[in-house]
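# Notes for the structure review
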Amino acid sequence: MFLDIYNGLISALTNGQPQYLLVVILGLAATYYIIYRLGGRIWAYIYVALIPFLNWSFGIIPEFAIAEPNETFSKGLSLHPMTVVTGLVFVVRDFVQREMKQMVLVCMALAIGWSFFYAWPVIALASGLAFAISEFFDWLLFTFTKYRLSTRILLSSAVAAPIDTSIFLYGADLAKQINAGKELAFSAAGLPIADGNTLHLANWVVFIIGKMIGAFVVSYMIRKQEDAGKISPHEA
């Protein structure tokens, strides 16, 4: 039993590639050291672990159908179980910025780098592009507005979630086609066409709703602490 637990742990840590155990351990140690030296603590470590985990989950954990294909939704309506947690990524990022200021971008780069090891490469690439674009707008809003913290969390999530979702669903759709052995079609501009059942308006709306639920919950909790005087409304 102990051996099974040990092998399972090694498999999870190395993404099923135990021959890279030493490299992974050294990489994780270096990641921990870099984050600590830059002033990151618990929120930074959660952030860097959360992004690769979510990218991995989108390639492994299947979506569940909310509505089967019909006249209204030709491709059906589906939702990934980790959607709400994905929405919390933007909120966690805001807390990391309170710890590390602009060094939060280093954490983002580390998280995306680990995503290429733990997740499908196409999903990791889509996630990297999505986070790079959405985090830029998120960072601008969080850094340069004077709204109270709870309001900034909501606004930054509202700005970042649509951008991230659009790019990520596009990449996830392509990744599923590639993993299923389908030949990709290309547009006149030379871009691969997402012709699966992941990138469509209904799924996009459901993903945004799921992400914003997470943001609303955390924003509400922060607002209660602000009103109670436990957190400064204008804390950076």
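Residues numbered from 1 in each chain as written. Predicted model: local features only at pLDDT ≥ 70, side-chain atom pairs only at ≥ 80, totals over all residues. Heavy atoms only, no water.

### Thoughts on the side chain of Ser-57
Put simply, the test is: Under the scheme used here, helices are H or I runs from DSSP no shorter than 4 residues and strands are E runs no shorter than 2 residues, and both carry numbers assigned from the N terminus. Residues are treated as being in contact if the distance between any of their heavy atoms lies within 4.5 Å.
Among the structural elements, Ser-57 can be located in helix α3 (residues 42-60). Here Ser-57 is in contact with His-80 and Met-82, once residues within four sequence places are set aside.

### With respect to unusual backbone geometry
Convention followed: Only protein chains enter the accessibility calculation, which uses a 1.4 Å probe; a residue whose area is less than 20% of its type maximum is buried, one above 50% is exposed, and one in between is partly exposed.
Unusually for a residue other than glycine, Asn-15 sits at a positive phi of about 55 degrees. Here Asn-15 shows up in the loop between α1 (2-14) and α2 (21-37). Here Asn-15 falls in the partly exposed class, since its relative accessible area comes to 27%. The phi torsion at Lys-101 lies on the positive side, around 60 degrees, for a residue other than glycine. Summarising the element assignment, Lys-101 is placed in the loop between α4 (83-100) and α5 (104-118).

### Side note on the confidence of the model for the chain
Caution applies to low-pLDDT regions: their predicted coordinates should not be interpreted in detail. Quick reminder of the rule: Known as pLDDT, the predictor's per-residue confidence is scaled from 0 to 100.
Of all residues in the chain, 95% attain a pLDDT of 70 or more, and the chain-wide mean is 82. Across the chain, the element-wise mean pLDDT spans from 70 in strand β2 (residues 77-79) up to 96 in α2.

### Focus on the pattern of salt bridges
Note the following rule: Salt bridges are identified by distance alone: a Lys or Arg side-chain nitrogen within 4 Å of an Asp or Glu carboxyl oxygen.
Scanning all chains against the criterion turns up 3 salt bridges. Between Asp-227 and Arg-148 there is a salt bridge, and its shortest N-O distance comes to 3.0 Å. Here the residue Asp-227 occupies a position in helix α8 (residues 201-227), and Arg-148 occupies one in the loop between α6 (121-144) and α7 (149-179), the gap between them amounting to 79 residues. You can call Arg-148 partly exposed: its relative accessible area is 24%. Across the pair Glu-226 and Arg-223 runs a salt bridge whose closest N-O atoms are separated by 3.5 Å. On the criterion of helical spacing, the pair formed by Glu-226 and Arg-223 is a turn pair, its members being 3 residues apart in helix α8. One continuous salt-bridge network, built from bridges that share partners, spans Arg-148, Arg-223, Glu-226 and Asp-227.

### Digging into the packing of α2 against α5
The test is simple: Every angle, taken between N-to-C directions, lies between 0 and 180 degrees, and every axis is a line fitted to C-alpha atoms, over only the stretch in contact when it is a helix. Angles below 35 degrees are treated as roughly parallel, those above 145 as roughly antiparallel, those between 65 and 115 as roughly perpendicular, and all remaining angles as oblique. A clockwise turn of the near helix away from the far one marks a right-handed crossing, whereas an anticlockwise turn of less than a right angle marks a left-handed crossing. Each residue is assigned to one class: nonpolar for Ala, Val, Leu, Ile, Met, Phe, Trp, Tyr, Cys and Pro, charged for Asp, Glu, Lys and Arg, and polar for all the others, Gly among them.
Packing of α2 against α5 leaves a shortest axis separation of 11 Å and a crossing angle of 165 degrees. In terms of their interaxial angle, α2 and α5 are classed as roughly antiparallel. Along this stretch, α2 crosses α5, giving a crossing that reads as left-handed. Every residue of α5 that contacts α2 at Val-24, Gly-27, Leu-28, Thr-31, Ile-34 and Ile-35 is listed here: Val-106, Cys-107, Leu-110, Trp-114, Phe-117 and Tyr-118. Classifying every residue of the contact of α2 with α5 by side-chain character gives 10 nonpolar, 2 polar and no charged.

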